[in-house]
Amino acid sequence: MNTSFFLLTGFSGLEQQYPWLSIPFFSIYAVVVLGNCMVLHVIWTEPSLHQPMFYFLATLALTDLCMNLSTMHTVLRILWGFIQEISLDSCIAQSYFIHDLSFMESSVLLAMAFDRYIAICNPLRYSSILTNSRIIKIGLTILGRSFFFITLPIIRLKFFHYCHPHILSHSFCLHQDLLRLACSDIQFNSYCALMLVICTLLLDAVLIFLSYILILKSVLAIASQEEQHKSFQTCISHICAVLVFCIPTISLTMVHHFGKHLSPIVHVLMGNVYILFPPLINPIIYSVKTKQIHSRILRLFSLKRY
């Protein structure tokens, strides 16, 4: 095999079933694209949804859509038998987009928690705090934060010497997967990856948790049970989205660090869950749990029917 190419791992041992496996995977990718595009379309075309909460939701949907597109071409082409090799440059580019979008999603969820905190704990100042210019600044900060943290360790992958067998653990490229194959000094990248997890994913999770403690304290201070229920309802969708993001991320991390004895198919399966689960579930959560999105989607389908 050419040393500049890497072998992507499909579902080892199930090669004969690839044509059948491609059907559910293609269906999932199609649902992800349609679901997130529908959320974006509804928010874009409905003036009443041009509010901070829905701007952040649109950013989340766009991030999920891009995450889906970043892996779709390699996963489906493996299952359809077109390719199983990927060049180093393509692998590094895919790795960059996957990790960059993952950190962006974490940042967007944190911004959405801040939005809910302001809406519930300081509702009278909501519109004056979350102005359009401030939302744009938050968006640019999310982009800059991901770019700043991810770019250097990913670029360094280009200059490593890969002397181990060029066989990746997934149907797409991940930073930790390429590090495993490198014979160069990877200490900087290893420490950098750990610091990234601590300074972004873990910090975001802690801040989101703290914001909900403050929200809970504020909601419980409300005398009316009806108002308490209404306030909690506005947070349910976001809490579900946070769990949908965190559970696969933690599970994949645990499998990578403590599951070396597990079957390779478990690694591949968890990698696909990590990539596909949030983009698949988030549009469903917000379409069902967010009344404004739900009613607009129903109206959209009723217009198409007639």
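For the structure itself, look to the data block above.
Residues numbered from 1 in each chain as written. Predicted model: local features only at pLDDT ≥ 70, side-chain atom pairs only at ≥ 80, totals over all residues. Heavy atoms only, no water.

J.: Before we go on, may I ask you to explain the packing of aromatic side chains in this structure?
T.: By the definition in use, this model includes five aromatic pairs. Geometrically, the ring pair formed by Phe6 and Tyr162 is edge-to-face, given 5.3 Å between the ring centres and 90 degrees between the ring planes. Here the residue Phe6 occupies a position in strand β1 (residues 5–7), and Tyr162 occupies one in the loop between α5 (132–156) and α6 (175–181), the gap between them amounting to 156 residues. Centre to centre, the rings of Phe148 and Phe149 are 5.5 Å apart; their planes meet at 70 degrees, and the pair counts as edge-to-face. For Phe148, a relative accessible area of 62% gives the class exposed. On the basis of relative accessible area, Phe149 is assigned to the partly exposed category, the value being 27%. Connected via pairs of aromatic rings, a cluster forms that spans Phe6, Phe160 and Tyr162. (Phe/Tyr/Trp six-rings, centres within 6.5 Å; stacked < 30°, edge-to-face > 60°. Helix = DSSP H or I, 4+ residues; strand = E, 2+ residues; numbered from the N terminus. Buried < 20%, exposed > 50% of the residue type's maximum accessible area, 1.4 Å probe, protein only.)

J.: Help me understand the state of the cysteines in this model?
T.: Here a disulfide denotes a covalent bond joining the sulfur atom of one cysteine to the sulfur atom of another. Per the counting criterion, the structure on display carries two disulfides. Each sulfur of the disulfide joining Cys91 and Cys173 lies 2.0 Å from the other. The sign of the S-S torsion, about -115 degrees, decides the handedness of the disulfide formed by Cys91 and Cys173: left-handed. Of the two residues, Cys91 sits in helix α3 (residues 88–121) while Cys173 sits in the loop between α5 and α6, which places them 82 residues apart along the sequence. Each member of the pair Cys91 and Cys173 is classed as buried. (Disulfide = S-S within 2.5 Å.)

J.: Could you clarify how one ought to interpret the packing of α5 against helix α7 (residues 187–220) in this entry?
T.: Packed helices, taken two at a time, are described by the angle between their axes plus the distance between the axes. One can describe the packing of α5 onto α7 by two numbers: an axis separation of 10 Å at closest approach and a directional angle of 160 degrees. The angle between α5 and α7 falls in the class roughly antiparallel. Relative to α7, the crossing made by α5 is left-handed. Contacts between α5 and α7 involve Arg145, Phe149, Ile150, Leu152, Pro153 and Arg156 from the former and Phe188, Asn189, Cys192, Leu196, Cys199, Thr200 and Asp204 from the latter. (Axes fitted to C-alpha atoms, helices over the stretch in contact; angles between N-to-C directions. Parallel < 35°, antiparallel > 145°, perpendicular 65-115°, else oblique. Left-handed = near helix turned anticlockwise from the far one by under 90°. Contact = heavy atoms within 4.5 Å.)

J.: Is there a simple way to think about α5 in this case?
T.: Think of an α-helix as 3.6 residues a turn; residues three or four steps apart then line up on the same face. Counted at 1.5 Å a residue, the expected span for α5 with its 25 residues is 36 Å, and the 37 Å between its end C-alpha atoms agrees. The largest bend in α5 is about 35 degrees, located at Ile150, with the proline Pro153 one to four residues further on. Regarding α5, the residues found buried are Ile135, Ile138, Ile142, Arg145, Ser146, Ile150, Thr151, Pro153 and Ile154. Packing partners of the buried residues in α5 comprise α2 (52–79), α3, α6 and α7. (Expected span 1.5 Å × (residues − 1). Bend = angle between axes of the 7 residues up to and from the residue.)

J.: Would you mind showing me how to read the pattern of salt bridges here?
T.: Two side chains bearing opposite charge may form a pair once their charged atoms approach each other closely. Under the definition given, this model contains six salt bridges. Between Arg296 and Glu46 there is a salt bridge; the shortest N-O distance is 3.7 Å. Taken together, the positions of Arg296 in helix α10 (residues 291–305) and Glu46 in the loop between α1 (18–45) and α2 put the pair 250 residues apart, joining distant regions of the chain. Judged by relative accessible area, Glu46 falls into the buried class, the value being 15%. A salt bridge links Arg299 to Glu46; the nearest nitrogen and oxygen atoms lie 2.7 Å apart. (Salt bridge = Lys/Arg side-chain N within 4 Å of Asp/Glu carboxyl O.)

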